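Listed below are the residues making up each chain.
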Amino acid sequence: MQDVTITCPHCKREHPHTLTPFIDLQKQPKQRLGILTDSLFSVTCPACKKQYTVLHELLVVDETTKWAIMLIPNTEHEQVDGKVTGREDLDSYTLRLVNTTASLKEKLLIWEQGLDDRTVELCKLYLSLQLQETEYQLFFTKQEKELDTLYFTVLNKDGSLEGSISCEHGLYSQLHVNAVSFPLQKGYFTRIDRQWAEQNIRNSVAQ
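Remember, it's a predicted structure, so these values are computed and weren't measured experimentally.

Cut-offs used in this document
Residues numbered from 1 in each chain as written. Predicted model: local features only at pLDDT ≥ 70, side-chain atom pairs only at ≥ 80, totals over all residues. Heavy atoms only, no water. Helix = DSSP H or I, 4+ residues; strand = E, 2+ residues; numbered from the N terminus. Buried < 20%, exposed > 50% of the residue type's maximum accessible area, 1.4 Å probe, protein only. Contact = heavy atoms within 4.5 Å. Polar contact = N/O pair within 3.5 Å; in protein donor to acceptor, adjacent residues only side chain to side chain. Pairing = 2+ DSSP bridges. Axes fitted to C-alpha atoms, helices over the stretch in contact; angles between N-to-C directions. Parallel < 35°, antiparallel > 145°, perpendicular 65-115°, else oblique. Left-handed = near helix turned anticlockwise from the far one by under 90°. Nonpolar A, V, L, I, M, F, W, Y, C, P; charged D, E, K, R; others polar. Salt bridge = Lys/Arg side-chain N within 4 Å of Asp/Glu carboxyl O. Phe/Tyr/Trp six-rings, centres within 6.5 Å; stacked < 30°, edge-to-face > 60°. Lys NZ or Arg CZ within 6 Å of the ring centre and 35° of its normal. Core = buried A, V, L, I, M, F, W, Y, C linked by side-chain atoms within 4.5 Å.

I would appreciate a short explanation of the environment of His-15 in the present structure.
The topology assignment puts His-15 in strand 2 (residues 14–19). Overall, the relative accessible area of 5% leaves His-15 in the buried class. Taking the C-alpha atoms as reference points, His-15 and Gly-86, 71 residues apart in sequence, are found 30 Å from one another. If we ignore the near neighbours within four places in the chain, the residues touching His-15 are Val-4, Thr-5, Ile-6, Cys-8, Val-43, Cys-45, Pro-46 and Tyr-52. A distance of 2.7 Å separates the side chain of His-15 from the side chain of Tyr-52, its partner in a polar contact.

Below, the structure written as structure tokens:
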């Protein structure tokens, strides 16, 4: 935990607040809901009682499945050295970097479903090309194993809900072969998103 003083954007009064810079989901399973509902970043001002959002750097790990996600709000970095965490054991972890809470939640859902996020990004790129809307954003929502289908939420350029789209697991399996062949630097938190997918597809075509 980290105690800080913050200023309410509504009444402009300062008040103390406790940030949560680290979560181990195996030891703190209730924090999963805090991530998925954004309540982890929600603050209620003790003076005016209004709510507002305070984003902060956060490291989320699962020590059983050995993956870790680092949230650095609005960062443009594509990679961050895992040594900044001070944890030497992260070399054996799958490390991901995200810059929004939406991406943080998506990574969590993808890995909980036992899926590979690199392959999911290739699926999203494929579906985006089908939509012919380059400014649309796709976010993984769920996998229906009985229907052999992956579902994605579609947001327009304003961030409003446009609808949903799906693909068969067969497409995922087909793209997985390519996704796992793309190189990743061990020991670094890497941002796996649409930009990463497009860049690696271009590189594979150029070879």
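Alright, that's what it looks like, and here's the rest.
Would you mind going over the sheet that holds strand 12 (residues 161–168) with me for this structure?
Each strand in a sheet pairs with its neighbour through backbone hydrogen bonds, running either in the same direction (parallel) or in the opposite one (antiparallel). Reading across the sheet, the three strands line up as 10-11-12 and stay open at both edges, with antiparallel pairing between neighbours. The open sheet terminates on both sides in strands that have one partner only, identified here as strand 10 (137–144) and strand 12. Averaged over all pairs of adjacent strands, the angle between strand axes in this sheet comes to 25°, irrespective of strand direction. Looking at chain direction, strand 10 and strand 11 (residues 149–155) are connected through seven bridges and run antiparallel. Looking at strand 11, one finds that Phe-139 is bridged to Thr-153. Across the sheet, helix 3 (residues 117–131) touches strand 10, strand 11 and strand 12, and the angle it forms with strand 10 is around 120°.

When you look at the packing of helix 2 (residues 101–112) against helix 3 in this model, what are you seeing that I'm missing?
Axis separation between helix 2 and helix 3 bottoms out at 10 Å; the angle between their running directions is 110°. The angle between helix 2 and helix 3 falls in the class roughly perpendicular. Crossing angle aside, the handedness with which helix 2 passes helix 3 is right-handed. Seen from helix 2, the contacting residues are Glu-106, Lys-107, Ile-110 and Trp-111; seen from helix 3, they are Asp-117, Val-120, Glu-121 and Lys-124. The class makeup of the residues in the contact of helix 2 with helix 3 is three nonpolar, no polar and five charged.

What am I meant to see in the pattern of salt bridges here?
Opposite charge on two side chains makes pairing possible when the charged atoms of those side chains draw close. Per the stated rule, a full pass over the model turns up twelve salt bridges. Across the salt bridge formed by Glu-106 and Lys-124, the nearest N and O atoms sit 2.9 Å from each other. Of this pair, Glu-106 sits in helix 2 while Lys-124 is found in helix 3, placing the two residues 18 residues apart along the sequence. Neither residue differs from the other here; Glu-106 and Lys-124 are each classed as buried. Linking Glu-121 and Lys-124 is a salt bridge whose minimum nitrogen-to-oxygen distance equals 3.1 Å. Of this pair, Glu-121 and Lys-124 both sit in helix 3, three residues apart, which is roughly one turn of that helix.

So what exactly am I meant to see when it comes to the packing of aromatic side chains here?
Centre-to-centre distance and the angle between the planes together describe a pair of aromatic rings. Across all of its chains, the model carries three aromatic pairs by this definition. Between Trp-67 and Trp-111, the aromatic rings sit 4.9 Å apart at their centres with planes inclined by 45°, giving tilted as the arrangement. Of the two residues, Trp-67 sits in strand 7 (residues 67–71) while Trp-111 sits in helix 2, which places them 44 residues apart along the sequence. A single burial state applies to Trp-67 and to Trp-111, both of which are buried. Judged by centre distance (5.7 Å) and plane angle (75°), the rings of Phe-182 and Trp-196 are edge-to-face. Of this pair, Phe-182 sits in the loop between helix 4 (169–179) and strand 13 (188–190) while Trp-196 is found in helix 5 (residues 194–206), placing the two residues 14 residues apart along the sequence. Of the residues examined, Trp-196 reaches a relative accessible area of 9% and is grouped as buried. Lying across the ring of Phe-139, Lys-124 places its NZ or CZ 5.5 Å from the centre. Sitting over the face of the ring of Tyr-151, Lys-142 holds its NZ or CZ atom 5.4 Å from the ring centroid.

Hey, could you run me through the nonpolar core in this one?
Here is a general trend for soluble globular proteins: nonpolar side chains tend to be buried in one another's company. Ranked by size, the top nonpolar core spans 37 residues in total, and within it Ile-35, Leu-58, Leu-104 and Phe-152 carry the most contacts. If one sorts the elements of this core by residue count, helix 3 sits on top with five residues. Each residue touching Leu-58, except ones within four places of it in the same chain, is listed here: Thr-20, Pro-21, Phe-22, Ile-23, Leu-40, Phe-41, Ile-69, Met-70, Leu-71 and Leu-104. Ranked by size, the runner-up nonpolar core spans eleven residues in total, among them Val-61, Ile-72, Tyr-93 and Phe-189.

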